[in-house]
Amino acid sequence: MHLETVAAARPSLRTSRAMRTCALLAGALPVLAFPRAGLDWLGWVALVPGLLIIRSAADARTAAVRGWWFGAGFLLAALYWTIPDIGPGLLLVAVAFGALWAGWGLAAWTTLRDPVRPLSALVLVPAAWAAIEYGRSWHALGGPWALLGAGQWRHPAVLGLAALGGVWLVGFALVAVNTAVTIVLVSPRARARVITFAVVMGLAGPLAYGLRRDPPADGTLRVALVQPGVLHDPATRFAAGERITEKLPDVGLAVWGESSVGFDLDRRTDLTTRLRALAASADLLVNEDARDARGRISKRSLLIGPAGIRGSYVKTRLVPFGEYIPFRPVLGWLSSMSKAAGEDRVPGSGVRVLTTAGVAIAPLVCFESAFPDLGRAVVRRGAQVVVYQSATSTFQGSWAPAQHAALAAVRSAETGRPSVQAALTGVSVAYDSRGRRLARLDTDQRGHVVVVLRVPSATSRTPYDRYGDVVPYLALIVCGAAATRFLYGRLRTEKDSAGS
């Protein structure tokens, strides 16, 4: 009898492992909606295979485990390009943070298994996804990357939802449509109503985009983005930026990329003099990445005019592992087997708004374009244009530079502010106040690009500027209520079983 039981268990074990592997692979599918693959239409259906796999689970525990594997697959695919920085640490990240999707798997299973509960599914499944994205976006946990809504960066009409509820609302709509498609496949009775819902959600962005007017303009600003390419020697890099800038046409602001100045300008007065000469006709925004007199390293954006430094900003949100190692006493060993930071950079104390050519600009550095709250913070301080300085030297040839450049489009749609990104090497790009692309220099291009920005009034606000992260807050409330109800039901069932 024992041998028969073991033999019967083997197919079940093999099936369980196969379904987990399928969930892992299904988790990688949504990443194809992001650059470079650029199959942005896939975002509307990419979750369906995972939802079907989770729905087929025999019980809640199995569904949660499959959700976990789905999340791990998503993170492995979305962050594969970080391997040079964190090496085997990527597996730790995928396993640890993939666990968040166990809750999403449970939400999908409880609402999509027979009998399907369409209304509950269309609310709870996207709410759970939004709550997970919001939770993993906390800077202490690494910050946001590959938020599902960001995959729609090429479609300003879809990003109309971002002006209302941020990237969170775009992601909510995508998951809701994926859920609706799943219901249509498994529940014929609900098809008519669910198809209507999916069409409404799909058209919500274009409708919001069409009803919203461009903010009133306060003039224009001509900006030059300088991209010298991969130059590891600080002196060569500085000289290349200098040569390109000397040949610029008439502009109001020239922007260099992140780490474009590899020297401490407080001590290298000769370089400051050269930069002041470059800024004789237009202000120059550079980024200093060097050890100061006290031995500390920060990423400092400096606005330079003919008279010298006119203002500065120190990067606040550092890149995990690239610029600091979280829990260094425990994870510091990663720096010995990867390119993880050998020492922690020193973060700044908050955002700054500087003025150039009569326009209020907000400099932010590289990874900071991923954070929706920073965009809102600079708008509240009166910023009219957001300027990102970037360098993706480590990740050339991967999907990272294009994904990074896409984030500025989402931030522009959210805040109603034009944005530019000057990459030392990577993708330099510019978007108007509604997320429409104005200019681009790809990773294989060198030199400069000039763009004319229509500058909005400093007092104009999108609904997202005014009300902030309402969508994830509501999602957390929905998930909390659903979790309470689920646990209460389980406890009541166990109590009834014990009583009988």
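Here the structure is a predicted model, which is why all the values come from computation and not from measurement. (Residues numbered from 1 in each chain as written. Predicted model: local features only at pLDDT ≥ 70, side-chain atom pairs only at ≥ 80, totals over all residues. Heavy atoms only, no water.)

So, the layout of surface pockets
Under the convention used in this document: Cavities and pockets were defined on a 1 Å grid built from protein atoms only: a cavity is a group of points that admits a 1.4 Å probe but offers it no way out, a pocket is an open group of points flanked by protein on both sides within 12 Å along at least five of seven lines, and a lining residue is one with an atom within 4 Å of any such point. Grid points are joined across faces, edges and corners, and a volume is the space filled by probe spheres set on the points. Put simply, DSSP H or I for four residues or longer makes a helix, DSSP E for two residues or longer makes a strand, and each gets a number counted from the N terminus.
Computed from the structure, the largest pocket encloses a volume of approximately 1400 Å³. What lines the largest pocket is a set of 49 residues, among which Asp-85, Val-319, Pro-320, Phe-321 and Gly-322 lie closest to the centre. Looking at the lining of the largest pocket, the elements with two or more residues in it are helix H4 (83-86), helix H5 (89-98), helix H10 (234-246) and helix H14 (400-415). Per-element tally for the lining of the largest pocket: the top contributor is H5, with 5 residues. The space that makes up the second largest pocket amounts to roughly 670 Å³. Lining the second largest pocket are 27 residues; nearest its centre among them are Thr-110, Leu-124, Ala-482, Ala-483 and Phe-486. Elements supplying a minimum of two residues to the lining of the second largest pocket: helix H6 (101-112), helix H7 (118-136) and helix H16 (470-499). A total of 9 residues in the lining of the second largest pocket trace back to one element, the largest contributor, which is H16.

Comments concerning the packing of aromatic side chains
Put simply, the rule is: Stacked, edge-to-face and tilted are the three classes for Phe, Tyr and Trp ring pairs, Trp counted by its six-membered ring, which pair at centre distances within 6.5 Å; planes under 30 degrees apart are stacked, over 60 edge-to-face, the rest tilted. In our convention, an over-ring charge means Lys NZ or Arg CZ found within 6 Å of a ring centre and within 35 degrees of that ring's normal.
On inspection of all chains with the given rule, the structure shows 13 aromatic pairs. Taking the ring centre of Trp-109 as reference, the NZ or CZ of Arg-113 above it sits at 4.0 Å. The ring of Phe-371 carries the charged tip of Arg-317 above its face, separated from the ring centre by 4.7 Å.

So, unusual backbone geometry
Looking along the chain, the bond that leaves Pro-35 and enters Arg-36 is cis, with omega of 0°. Tracing the backbone through its elements, the reader meets Arg-36 in the loop between helix H1 (2-28) and helix H2 (48-55). Asp-114 connects to Pro-115 through a cis peptide bond whose omega is -5°. Locating Pro-115 in the fold gives a position in the loop between H6 and H7. Positioned with a positive phi, Ala-357 is a non-glycine residue whose angle comes to about 50°. As for its position among the elements, Ala-357 is in the loop between strand S6 (354-356) and strand S7 (359-365).

A few points about the pattern of salt bridges
To be explicit about the condition: A side-chain nitrogen of Lys or Arg and a carboxyl oxygen of Asp or Glu constitute a salt bridge if their distance falls within 4 Å. Any residue under 20% of the maximum accessible area for its type is buried, any over 50% is exposed, and the rest in between are partly exposed; the area is computed with a 1.4 Å probe on protein chains only.
For the structure shown, the criterion picks out 20 salt bridges. Among the ionic pairs, Asp-442 bridges to Arg-36, the shortest N-O distance being 2.7 Å. Note that Asp-442 is positioned in the loop between strand S11 (437-441) and strand S12 (447-456) and Arg-36 in the loop between H1 and H2, a separation of 406 residues in sequence. For Asp-442, a relative accessible area of 19% translates into the label buried. On the accessibility criterion, Arg-36 (35% relative accessible area) is partly exposed.

So, the sheet that holds S11
Convention followed: Strands qualify as paired when DSSP identifies two bridges or more between them. Comment: axis = line fitted to C-alpha atoms, over the contacting stretch for helices; angle = value between 0 and 180 degrees taken between N-to-C directions. We call two residues in contact when some of their heavy atoms are within 4.5 Å.
With mixed pairing, 6 strands are arranged side by side in an open sheet as S6-S7-S8-S9-S10-S11. Only two strands of the sheet have a single partner each, and these edge strands are S6 and S11. Taken pair by pair, the neighbouring strands of this sheet meet at an average axis angle of 20°, ignoring direction. The pairing of strand S9 (residues 419-423) with strand S10 (residues 428-431) spans 3 bridges and is antiparallel. Each residue of the ladder has a partner; that of Gln-421, found in S10, is Val-429. Lying on the sheet, H14 is in contact with strand S8 (385-390), S9, S10 and S11; it crosses S10 at an angle near 15°.

A word on the confidence of the model for the protein chain
Condition: Per residue, pLDDT measures the predictor's confidence, with a range of 0 to 100.
The share of residues in the protein chain with pLDDT of 70 or more is 97%, and the mean pLDDT across the chain is 91. The least confident element of the protein chain is helix H12 (residues 328-331), whose mean pLDDT is 72; the most confident is strand S2 (residues 253-255), at 98. Confidence drops under a pLDDT of 50 for residues 3-10, and excluding neighbours within four residues, the segment shows 0 contacts in the predicted structure.

Observations regarding the pairing of S9
Applied cut-off: A crossover counts as right-handed when, viewed with the strands pointing away from the observer, the path leading from the first strand over the helix to the second turns clockwise.
Of all the 5 residues making up S9, 5 are buried; the element is thus mostly covered by neighbouring parts of the structure. A two-sided burial pattern is seen for S9, the buried positions comprising Ser-419, Gln-421 and Ala-423 on one face and Val-420 and Ala-422 on the other. As judged from the 5 bridges shared by S8 and S9, these two strands associate in the parallel manner. In the strand pairing of S9, Tyr-388 is matched with Gln-421. Once the chain exits S8 it traverses H14 before rejoining the sheet at S9, and the crossover so formed is right-handed. The hairpin turn running from S9 into S10, its antiparallel successor, is 4 residues long, and Gly-426 in that turn takes a positive phi close to 145°.

Describing the packing of helix H8 (residues 160-186) against H14
The following threshold applies: For classification, angles of less than 35 degrees are called roughly parallel, those exceeding 145 degrees roughly antiparallel, those between 65 and 115 degrees roughly perpendicular, and all remaining angles oblique. Here a crossing is taken to be left-handed if its near helix is turned anticlockwise relative to the far helix by less than a right angle, and right-handed if that turn runs clockwise.
The interhelical angle for the contact between H8 and H14, taken along N-to-C directions, is 130°, at an axis separation of 7 Å. In terms of orientation, H8 and H14 fall into the oblique class. Seen from above, H8 lies across H14 with left-handed handedness. Contacts between H8 and H14 involve Ala-162, Ala-163, Gly-166 and Val-167 on the former and, on the latter, Val-410, Arg-411, Ala-413 and Glu-414.

A word on the sheet that holds strand S1 (residues 217-227)
Pairing is mixed in the open sheet, where 6 strands are placed in the order S5-S4-S3-S2-S1-S12. On the outer flanks of this sheet lie strand S5 (308-314) and S12, each paired with one strand and no other. Taking each pair of neighbouring strands and ignoring which way they run, the sheet shows an average axis angle of 30°. Lying on the sheet, H10 is in contact with S1, strand S3 (283-291) and S12; it crosses S1 at an angle near 135°.

Quick notes on the pairing of S3
Across the 9 residues that make up S3, a large majority, 8, are buried. Where S2 and S3 come together, 3 bridges link them in parallel fashion. Of the residues in S3, the one forming a bridge with Leu-253 is Asp-283. Of the crossover connections in this fold, the one passing from S2 over helix H11 (residues 269-278) to the parallel S3 is right-handed. Where S3 lies against strand S4 (residues 297-305), 8 bridges are found, and the strand directions are antiparallel. Paired with Leu-284 across the strands is Ile-304, a residue of S4. Counted between consecutive antiparallel strands, the loop separating S3 from S4 contains 5 residues, among which Gly-295 sits at a positive phi close to 85°.

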